[in-house]
Amino acid sequence: SVGGACYPEGHPDRSADGIDLEWLKNKANKGADYFITQIFYDADSYEKFMEKVAKKGIKQPIIPGIKPITLYKHLEVLPKIFACKIPKKLREQVEKAKENKGDLRKIGIEWCIEQCARLREMGAPSLHFYASRGAPIKEIIEGINSVEAFQETV
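A brief report on the enclosed structure follows. Predicted model only: the values in this text are computed from it and were never measured. (Residues numbered from 1 in each chain as written. Predicted model: local features only at pLDDT ≥ 70, side-chain atom pairs only at ≥ 80, totals over all residues. Heavy atoms only, no water.)

Structural notes on the pattern of salt bridges
As a working rule, side chains carrying opposite charge can pair if their charged atoms are close by.
1) Next: Within this structure, the stated rule accounts for 8 salt bridges.
2) Next: When the shortest N-O distance is used, the salt bridge between Lys 56 and Glu 22 registers 2.2 Å. Taken together, the residues Lys 56 in the loop between α2 (43-55) and β3 (62-66) and Glu 22 in helix α1 (residues 19-29) connect sequence positions 34 residues apart.
3) Next: Across the pair Arg 91 and Glu 76 runs a salt bridge whose closest N-O atoms are separated by 3.5 Å. One end of the pair, Arg 91, is in helix α4 (residues 88-96); the other, Glu 76, is in helix α3 (residues 74-82), and 15 residues separate them in sequence.
4) Next: Overall, the relative accessible area of 45% leaves Glu 76 in the partly exposed class.
5) Next: Ionic contacts of the salt-bridge type, sharing partners, join the residues Asp 44, Glu 47 and Arg 118 into one network. (Salt bridge = Lys/Arg side-chain N within 4 Å of Asp/Glu carboxyl O. Helix = DSSP H or I, 4+ residues; strand = E, 2+ residues; numbered from the N terminus. Buried < 20%, exposed > 50% of the residue type's maximum accessible area, 1.4 Å probe, protein only.)

Here you go:
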C-alpha cells in the first residue's frame, strides 16, 4: 500500500489556508491508501483537520502522528522543525518540570496517553508514534490500553 503525509496544523513551507488540503486531495486522487499526520499536541487540531478533510471528500484513513515530549529542549526544537504548536497547558507543565527529567518524562507520557485516548474516541483508525531512542512508547501504549480497558468496564 501507499501512505502519504499530511499536516493538521499546516505544512511548514506553506502558509496559505487550503493549500495543504489541495495537496492532500491530489495525493488521495493519485492513489494514496492512507495518510499519517505530522506531529501535533492538541487533539482539537486533528478534529478540525478531519472536518476539513471530510468536506474535501477525502476518504482514506488519516492516522495521527504522535511524539512524546520527553526533554525540555523539545519545547523549542519541535515547533521549529515540525511547525507544530505546543498547547499552553503542556508548555506550562514542561516549564515547571524542566529541572527534573523524571517528572518531565512522566508529563510527556501522561499527555500522550490522554491525547491518544481522545484521538481514539474521535475515531482515529490507529496511532503512529514518532520515536527516537529511549522514547517511552511502551509506557504510552500500556497507558492507552489501561484507559481503554477502564472505559470498557464503565
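From this point on, the discussion continues.
So, the environment of Met 122
1) Next: For Met 122, the location among the structural elements is in the loop between α5 (101-121) and β4 (128-129).
2) Next: On the accessibility criterion, Met 122 (26% relative accessible area) is partly exposed.
3) Next: Considered as a pair, Met 122 and Lys 106 are 16 residues apart in the sequence and their alpha carbons are 24 Å apart.

Observations concerning α1
1) Next: Buried within α1 are the following residues: Asp 20, Leu 21, Leu 24 and Ala 28. Each buried residue of α1 sits inside an arc of 95° when the element is viewed along its axis, so together they form one side.
2) Next: The elements touched by buried residues of α1 are β1 (3-6), β2 (34-39), α2 and β3.
3) Next: After α1 finishes, the residue Gly 31 shows a positive phi value of roughly 115°. (Arc of directions from axis to C-beta. Contact = heavy atoms within 4.5 Å.)

Focus: the nonpolar core
1) Next: Grouped together as the largest cluster of nonpolar side chains are 24 residues, with contacts concentrated most on Leu 24, Phe 35, Ile 62 and Ile 140.
2) Next: Put simply, the parts of the chain that give this core at least two residues each are α1, α2, β3, α5 and α6 (137-153).
3) Next: If you tally residues by element for this core, the top one is α5, at 5 residues.
4) Next: Beyond its immediate sequence surroundings of up to four residues, Leu 24 is in contact with Ala 5, Cys 6, Phe 35, Phe 49, Val 53, Ile 58 and Ile 62. (Core = buried A, V, L, I, M, F, W, Y, C linked by side-chain atoms within 4.5 Å.)

Some points on the packing of aromatic side chains
1) Next: Scanning the model with the defined rule gives 1 aromatic pair in all.
2) Next: Between Phe 40 and Tyr 46, the ring centres sit 5.9 Å apart and the planes meet at 10°, which makes this aromatic pair stacked.
3) Next: When its relative accessible area of 1% is taken as the criterion, Phe 40 is described as buried. (Phe/Tyr/Trp six-rings, centres within 6.5 Å; stacked < 30°, edge-to-face > 60°.)

Section: the sheet that holds β2
The strands making up a sheet are joined through hydrogen bonds of the backbone, oriented either antiparallel or parallel.
1) Next: Read across the sheet, 4 strands follow the order β1-β2-β3-β4 without closing on themselves; strand pairing throughout is parallel. Looking at the sheet topology across the chains shown, the edges are occupied by β1 and β4.
2) Next: Where β1 lies against β2, 4 bridges are found, and the strand directions are parallel. Counterpart to Gly 3 in the pairing with β2 is Tyr 34.
3) Next: Set on the sheet, α2 makes contact with β1, β2 and β3; between it and β3 the angle comes to about 155°. (Pairing = 2+ DSSP bridges. Axes fitted to C-alpha atoms, helices over the stretch in contact; angles between N-to-C directions.)

Structural notes on the packing of α2 against α5
1) Next: Following both chains from N to C, one finds α2 and α5 inclined at 25°, their axes separated by 9 Å at the closest point. On the basis of the axis angle, α2 is roughly parallel to α5. As α2 runs across α5, the sense of the crossing is right-handed. The residues of α5 that touch α2, namely those facing Ala 43, Asp 44, Tyr 46 and Glu 47, are Gln 115, Arg 118 and Leu 119. (Parallel < 35°, antiparallel > 145°, perpendicular 65-115°, else oblique. Left-handed = near helix turned anticlockwise from the far one by under 90°.)

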